[in-house]
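# Summary of structural features
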Amino acid sequence: MKTRTNSSLGALHPILFFAGVYAVALLFSIFICSSLFYSCNATSSDVVQKQEAPTQQGSLIKPATAAIINKLD
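This is a predicted model, so every value here is computed, not measured. (Residues numbered from 1 in each chain as written. Predicted model: local features only at pLDDT ≥ 70, side-chain atom pairs only at ≥ 80, totals over all residues. Heavy atoms only, no water.)

## Considerations on the overall build of the protein
Scanning the protein from terminus to terminus reveals two helices and two strands. Ordering the α and β elements of the protein from the N terminus gives α-β-β-α. Counting across all 73 residues of the protein, residues that qualify as buried make up 3%. Entry remark: accessible area of the protein is about 7,100 Å², with carbon and sulfur atoms responsible for 67%. (Helix = DSSP H or I, 4+ residues; strand = E, 2+ residues; numbered from the N terminus. Buried < 20%, exposed > 50% of the residue type's maximum accessible area, 1.4 Å probe, protein only. Areas by Shrake-Rupley, 256 points an atom, 1.4 Å probe, with all protein chains shown as cover.)

As structure tokens, this is what we get:
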């Protein structure tokens, strides 16, 4: 009687695939839930307010854009 030489890894392929999908989904869910938790529990002093720099014309635009505009003038 001939012994089996084939590996049984092929039969485990669907199980390994879904285990990998589960691990990736678990990592993403931990990241998303922790981000939501920290954003909901943030105090007002933790939030950084972004300030825009006024240009010569008096309008509020970003500093990098103001530098480009001033170079063009």
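Alright, that's what it looks like, and here's the rest.
## A few points about the confidence of the model for the protein
In this model, the protein carries an average pLDDT of 76, and 53% of its residues clear a pLDDT of 70 or more. Looking over the protein, one finds the lowest element-wise mean pLDDT in strand β1 (residues 53-54), namely 56, and the highest in helix α1 (residues 9-40), namely 93. (pLDDT = per-residue confidence, 0-100.)

## Quick look at the packing of aromatic side chains
Two aromatic rings are characterised by how far apart their centres lie and by the angle between their planes. All told, the structure shown has two aromatic pairs when counted by the stated rule. Ring geometry for Phe-17 and Phe-18: centres 5.2 Å apart, planes at 70°, overall edge-to-face. Under the relative-accessibility criterion, Phe-18 is labelled exposed at 56%. Aromatic pair Phe-37 and Tyr-38: ring centres 5.5 Å apart, planes at 70°, arrangement edge-to-face. Relative accessible area serves as the criterion here: at 49%, Phe-37 is assigned to the partly exposed category. (Phe/Tyr/Trp six-rings, centres within 6.5 Å; stacked < 30°, edge-to-face > 60°.)

## Considering α1
Here α1 is 32 residues long and its end C-alpha atoms lie 45 Å apart, about the 46 Å a rise of 1.5 Å per residue gives. Where α1 bends most, the angle comes to about 30°, and this point is Ile-15. (Expected span 1.5 Å × (residues − 1). Bend = angle between axes of the 7 residues up to and from the residue.)

## Quick word on a nonpolar patch on the surface
Residues Val-24, Phe-28, Phe-31, Ile-32 and Leu-36 make up a contiguous nonpolar surface patch of about 530 Å² in total accessible area. Overall, Ile-32 belongs to the partly exposed group, its relative accessible area being 46%. (Patch = residues over 30% accessible without salt bridge, like charges linked within 9 Å, V, L, I, M, F, W, Y side chains within 5 Å. Salt bridge = Lys/Arg side-chain N within 4 Å of Asp/Glu carboxyl O.)

## A look at the environment of Ser-39
Note that Ser-39 resides in helix α1. Reaching out from Ser-39, the side chain makes a polar contact with the backbone oxygen of Leu-36 at a distance of 2.9 Å. (Polar contact = N/O pair within 3.5 Å; in protein donor to acceptor, adjacent residues only side chain to side chain.)

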